[in-house]
Amino acid sequence: MLRLTNVILPLDHPEADLAAAILERLAIPAQDLLGFTVFRRGYDARRRSAITLVYTLHVEVRDEPAVLARMSGRTDVVIAPDTSYKYVGQAPANLATRPVVIGFGPCGIFAALILAQMGFRPLILERGKVVRERTRDTWGLWRKRVLNPESNVQFGEGGAGTFSDGKLHSQIKDPKHYGRKVLSEFVQAHAPEEILYVSKPHIGTFRLVKMVEAMRETIESLGGEFRFESRVTDLDIERGQIRGVVLENGEHIASDHVVLAVGHSARDTFQMLYDRGVYVEAKPFSIGFRAEHPQSLIDRARFGKFAGHPLLGAADYKLVHHAKNGRSVYSFCMCPGGTVVAATSEPERVVTNGMSQYSRNERNANSGIVVGITPEDYPDHPLAGIDLQRELESRAFVLGGGNYDAPGQLLGDFVAGRPSTQLGSVIPSYKPGVRMTDLGPSLPDYAIEAIREALPAFDRQIRGYALPDAVLTGVETRTSSPVRIKRLDNFQSLNTRGLFPAGEGAGYAGGILSAAVDGIKVAEAVALSMLGRTDVR
Ligand code: FAD
């Protein structure tokens, strides 16, 4: 099988042009082309008047060695790599102990799935509820202002990415094609097949809920076991080796292999780790607001006359500005045609984030507009970033009126430094509601200054971005974990053997795909350790 990269065709090309492009690239007659599949389809919208599709194709030809010999030295015609997943081992039939996986977000899902597929029958402990019940609780905050601190956007079956846009692209290096394994398993669990080949795949909230259930069933069918509403509140550590975990109800569960995939919002768990002496350090994260613009404005700015084209879908954007005060401001977790959601997991705090459905057809585009901060910005303590997050989220709760409404401000007013009193043409989507105010006091001065400078500058990248009626809501604080639970090359904690910190909460992933990939790597490390092998792939 050959891989042809960078096959460029006009946006509205006829289907037959693909085969014609292959014949031309390989300089072969039609009868020598046995078949082909689209491995990846992206687009190049740098020239709005001539948007093109960019393909990677897998091609079967009659005499592959001869074609390759003719193409030798070319980087755009190569042998297609083997992207299939290879298990590192198989559990023995008489497996005495089972690994424990704490948390069933993308990282815990894939750690548990791979362990189950290798026969290790993991026990999964999840503090939140099964996804259907969790959905009701999550909507309880959005519709009735009732927060369940154990069952919400952050906590429960499926993890933080369940009510999301379900974007599945990532910048991680992936020489072993783990990302392909993740996407293939998602498709098995009823994700749309196109996620395997479109360059920026997304799933959307409703489908994610069904997929999470399907993956749970697969893990159970392979001998895995689930305990929901089972919060881990303590670790049993004996001379630097984990021996088990303790649940909130006092129950002790013995295991020498524990995957800790608790996500970035498990603040009580981070505190417990610190108190138990597990090595934890502060790490950089970002703070800011959600910005909402009409999706049509973004589509026009990005795609010009092709706005609304079905192959392009709702347009996204990526923005960066380096402010004069040395801070970088960037767009984060952009959700085309989506909604801004209330994402707190703690009472009397307000946090924003974004989600969308598969169709991405809501009226607004939203994105986090955030400023990078480092541990030097707050007191020198491993958990000080959490204190800062809490302080900002509490301020937002007060500014929003103390009833889980988010504080909001028109972009034009924010840039001009005057409070907003009413909405303009853009209706914000955050539920339960938005209270117009002055966002100035919601973040540290350096962040406000940098965002104030960045918003007009973004207008040079997306024409119309500085729309005075665009709405900012705050605060965005859960962009990534404020801590890193450092691990060694064997994926075990720096100072606690048998404890495998994993995913976003441990500081080793950012986003659904990278958290899932980290789950696979950690599952492999657990398996090798349980099999007494020291070879880490
Ligand atoms: P999590 O998904 O946070 O899962 C951790 C799990 O551990 C949770 O289910 C939690 O209940 C459980 N847990 C925590 N503490 C304990 C404990 N002590 N005992 C037992 N269980 C515990 N990323 C993208 O790539 N694309 C997107 O479109 C996207 N949109 C998002 C939208 C929203 C609203 C949010 C909140 C996040 C979004 N993200 C998105 C980020 C993405 O969800 C995370 O990067 C990802 O979920 C991290 O996976 P994880 O498994 O490491 O942690």
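Residue positions are given per chain, counted from 1 along the sequence in the order it is written. Reporting of local features is limited, given that this is a predicted model, to residues whose pLDDT is at least 70; pairs of side-chain atoms are given and counted only at 80 or more, and all residues count toward the totals for whole chains, interfaces and linings.

Going by the annotation in an unreviewed UniProt entry, the name recorded for the chain is Amine oxidase domain-containing protein, with Noviherbaspirillum aridicola given as the source organism.

Novice: It is not clear to me how the overall build of the chain should be interpreted in this structure. Could you clarify?
Specialist: Only DSSP runs of H or I covering at least 4 residues are called helices, and only runs of E covering at least 2 are called strands; the numbering of each starts at the N terminus. Helix and strand counts for the chain come out as 12 helices and 23 strands. Seen through its C-alpha atoms, the chain measures out along the principal axes to roughly 70 × 65 × 40 Å. Considering the chain as a whole, with its 537 residues, one finds that 47% of them fall into the buried category. Across the chain, the fraction of contacts at a sequence separation of at least 24, relative to all contacts at a separation of at least 6, is 72%. Residues with at least 20 other C-beta atoms within 10 Å of their own are called buried, those with 12 or fewer are called exposed, and the rest are partly exposed. The C-beta atoms themselves are positioned from the backbone. We call two residues in contact whenever the C-beta atoms placed from their backbones are within 7 Å.

Novice: What exactly am I supposed to notice about the domain arrangement of the chain here?
Specialist: These domain boundaries are the output of an automatic or database domain assignment. Assigned domains within the chain: domain 1 (2-76), domain 2 (100-281 + 484-530) and domain 3 (284-476). Put simply, the middle of domain 2 and the middle of domain 3, counted by C-alpha atoms, are 27 Å apart. Between domain 2 and domain 3, the residue contacts involve 25 residues of the former and 22 residues of the latter. Taken together, the elements giving at least two residues each to the side of domain 2 that touches domain 3 come down to helix H4 (131-144), helix H6 (205-221) and helix H7 (267-276). Tallying contributions element by element places H7 first for the side of domain 2 that touches domain 3, with four residues. We call Asp, Glu, Lys and Arg charged. Ala, Val, Leu, Ile, Met, Phe, Trp, Tyr, Cys and Pro are nonpolar, and the rest, Gly among them, are polar. Broken down by class, the residue content of the side of domain 2 that touches domain 3 amounts to 12 nonpolar, seven polar and six charged.

Novice: How should I be thinking about the sheet that holds strand S8 (residues 232-238) in this particular structure?
Specialist: Picture the strands of a sheet paired through backbone hydrogen bonds; they go either parallel or antiparallel. Pairing is antiparallel across the open sheet formed by three strands, whose spatial order is S8-S9-S10. Two strands in the sheet have a free side with no partner beyond their single neighbour: S8 and strand S10 (252-254). Between one strand and the next, the sheet's axes are offset by a mean angle of 30°, whatever the strand orientation. Note on pairing: DSSP must find at least two bridges between two strands before they are called paired. Relative to S10, strand S9 (residues 241-247) is paired through three bridges, and the arrangement is antiparallel. In the strand pairing of S10, Val 245 is matched with Ile 253. Here, axes are lines fitted to C-alpha atoms. For helices the fit covers the stretch in contact, and angles between N-to-C directions go from 0 to 180 degrees.

Novice: Would you explain the site of the ligand in this entry?
Specialist: Throughout this description, a residue near a molecule or strand is one whose C-beta atom, derived from the backbone, lies within 6 Å of it. Surveying the vicinity of the ligand reveals 44 residues, the closest of which are Gly 103, Gly 105, Gly 159, Gly 263 and Gly 503. For the shell around the ligand, the residue count by class is 21 nonpolar, 17 polar and six charged. Structurally, the shell around the ligand is a two-domain feature, drawing no fewer than three residues from each of domain 2 (100-281 + 484-530) and domain 3 (284-476).

Novice: How should the UniProt feature "domain: FAD-dependent protein C-terminal" (unreviewed entry) in the chain be read in this particular structure?
Specialist: The positions that UniProt labels "domain: FAD-dependent protein C-terminal" (unreviewed entry) are, in the present scheme, residues 284-479. For residues 284-479, the end-to-end C-alpha separation is 10 Å, with 23% helix and 27% strand making up the annotated structure. UniProt positions are given in the numbering used here, feature names are shortened, and annotations may be inferred rather than shown by experiment.

Novice: Which parts of the structure should I look at to understand the UniProt feature "domain: FAD dependent oxidoreductase" (unreviewed entry) in the chain?
Specialist: Annotation from UniProt places "domain: FAD dependent oxidoreductase" (unreviewed entry) at residues 202-277. Each end of residues 202-277 is marked by a C-alpha atom, and these two atoms are 39 Å apart; helix forms 36% of the span and strand 30%.

Novice: Before we go on, may I ask you to explain the nonpolar core in this structure?
Specialist: Within soluble globular proteins, side chains that are nonpolar tend to cluster in buried spots. Nonpolar core, as used here: buried Ala, Val, Leu, Ile, Met, Phe, Trp, Tyr and Cys residues forming one set through C-beta atoms within 7 Å. In this structure, Ile 287, Val 371, Leu 411, Ile 451 and Val 475 are the most contacted members of the largest nonpolar core, which totals 74 residues. Excluding anything up to four places from it in sequence, Val 371 contacts Ser 286, Ile 287, Gly 288, Arg 327, Val 329, Ala 447, Ala 450 and Ile 451.

Novice: Quick question: what am I supposed to make of the packing of helix H3 (residues 106-117) against helix H12 (residues 512-530) here?
Specialist: Packed helices, taken two at a time, are described by the angle their axes make and the gap between the axes. Two numbers describe how H3 lies on H12: the axes approach to 7 Å, and their chain directions differ by 35°. In the packing of H3 onto H12, the handedness of the crossing is right-handed. Between H3 and H12, the residues in contact are Pro 106, Cys 107, Gly 108, Ile 109, Phe 110, Ala 111, Ile 114 and Leu 115 and Ile 512, Ala 515, Ala 516, Asp 518, Gly 519, Ile 520, Val 522, Ala 523, Glu 524, Val 526 and Ala 527, respectively. Its residues assigned to classes, the contact of H3 with H12 shows 15 nonpolar, two polar and two charged. Here is the rule for handedness: rotate from the far helix to the near one, and if that takes an anticlockwise turn smaller than a right angle the crossing is left-handed, while a clockwise turn gives right-handed.

Novice: Before we go on, may I ask you to explain the confidence of the model for the chain in this structure?
Specialist: One rule of thumb: low pLDDT means the predicted coordinates there are not for detailed reading. On a range of 0 to 100, pLDDT expresses the predictor's confidence in each residue. With 99% of its residues at a pLDDT of 70 or more, the chain shows a mean pLDDT of 96. For this predicted complex, the interface confidence reaches an ipTM of 0.99, while the overall pTM sits at 0.96.

Novice: I would appreciate a short explanation of H3 in the present structure.
Specialist: For an α-helix, 3.6 residues make a turn, and residues three or four places apart therefore share a direction. An expected span of 1.5 Å times one less than the residue number is assigned to each helix. The end-to-end C-alpha separation of H3 is 16 Å, in line with the 16 Å expected for 12 residues at 1.5 Å each. The element H3 is largely enclosed, with a buried count of 11 among its 12 residues. Looking one or two residues beyond H3, the residue adopting positive phi is Gly 119, at roughly 90°.

Novice: Help me understand the pairing of strand S3 (residues 52-61), please; the structure alone is not making it clear to me.
Specialist: For a regular strand, side chains alternate in direction, first toward one face of the sheet and then toward the other. Burial along S3 is one-sided: the residues Leu 53, Tyr 55, Leu 57, Val 59 and Val 61 are buried and none of Thr 52, Val 54, Thr 56, His 58 and Glu 60 is. By the bridge criterion, seven bridges tie strand S1 (residues 2-10) to S3 in an arrangement that is antiparallel. The residue of S3 that forms the bridge with Ile 8 is Val 54. In this sheet, S3 lies alongside strand S2 (residues 33-44) in antiparallel orientation, the contact comprising 10 bridges. Note on S3: the bridge partner recorded for Gly 42 is Val 54.

Novice: Looking at this structure, how should I read the sheet that holds strand S7 (residues 225-227)?
Specialist: What the five strands build is an open sheet, ordered S7-S6-S5-S11-S23; its pairing is parallel. Two strands in the sheet have a free side with no partner beyond their single neighbour: S7 and strand S23 (499-501). Averaged over all pairs of adjacent strands, the angle between their axes in this sheet comes to 20°, without regard to strand direction. Contacting strand S5 (100-102), strand S6 (123-125) and strand S11 (258-260), H3 crosses the sheet at an angle of about 165° to S5.

Novice: I keep staring at the packing of H3 against H6 and nothing clicks. Help me out?
Specialist: At their nearest, the axes of H3 and H6 sit 9 Å apart, and the two run at 30° to each other. As summarised for this structure, H3 and H6 are arranged roughly parallel, according to the angle between their axes. In this structure, the crossing between H3 and H6 has a hand that is left-handed. Contacts from Ile 109, Ala 112, Leu 113 and Ala 116 of H3 reach H6 at Met 215, Thr 218 and Ile 219. To sort the angles, those under 35 degrees are grouped as roughly parallel, those over 145 as roughly antiparallel, those from 65 to 115 as roughly perpendicular, and the leftovers as oblique.

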